[in-house]
Amino acid sequence: MLILTRHSQEKIFIGDNVVITVIDVNHNQVRIGIDAPREIAVHREEIKRKIDAQK
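What counts and how
Residues numbered from 1 in each chain as written. Predicted model: local features only at pLDDT ≥ 70, side-chain atom pairs only at ≥ 80, totals over all residues. Heavy atoms only, no water. Helix = DSSP H or I, 4+ residues; strand = E, 2+ residues; numbered from the N terminus. Salt bridge = Lys/Arg side-chain N within 4 Å of Asp/Glu carboxyl O. Buried < 20%, exposed > 50% of the residue type's maximum accessible area, 1.4 Å probe, protein only.

Caption draft 1: Expanded view of unusual backbone geometry. For Q9, which is not a glycine, the phi torsion comes out positive at approximately 75°. Tracing the sequence through the fold places Q9 in the segment before strand 1 (11–14). Despite not being glycine, H27 shows a phi value in the positive range, around 55°. With respect to the secondary-structure elements, H27 resides in the loop between strand 2 (18–26) and strand 3 (29–35).

Take a look at the structure:
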């Protein structure tokens, strides 16, 4: 696992086509934006678990 420190509005690039932007940091909550091609699935952990359980 790679651990990074970022401030609001700073970005992280994954490969050439995924960008994660830190939108806001407020106490113990971080809001992020993810810009990825439509063919890449992006899910929250609890949604991913439900999808995997249905398989």
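Caption draft 2: Expanded view of the pattern of salt bridges. Counted according to the given criterion, the structure contains 5 salt bridges. E45 is paired through a salt bridge with R49; the nearest N and O atoms lie 2.5 Å apart. Here E45 pairs with R49, and both are found in helix 1 (residues 45–53), just 4 residues apart, close to one helical turn. Each member of the pair E45 and R49 is classed as exposed. The shortest N-O distance in the salt bridge between D52 and K55 comes to 3.9 Å. The exposure class of D52 is partly exposed, given its relative accessible area of 36%. Looking at K55, the relative accessible area reads 76%, which means it is exposed. The structure contains a network of salt bridges with shared partners spanning K48, D52 and K55.

As far as function goes, none of this settles anything; it's purely spatial.
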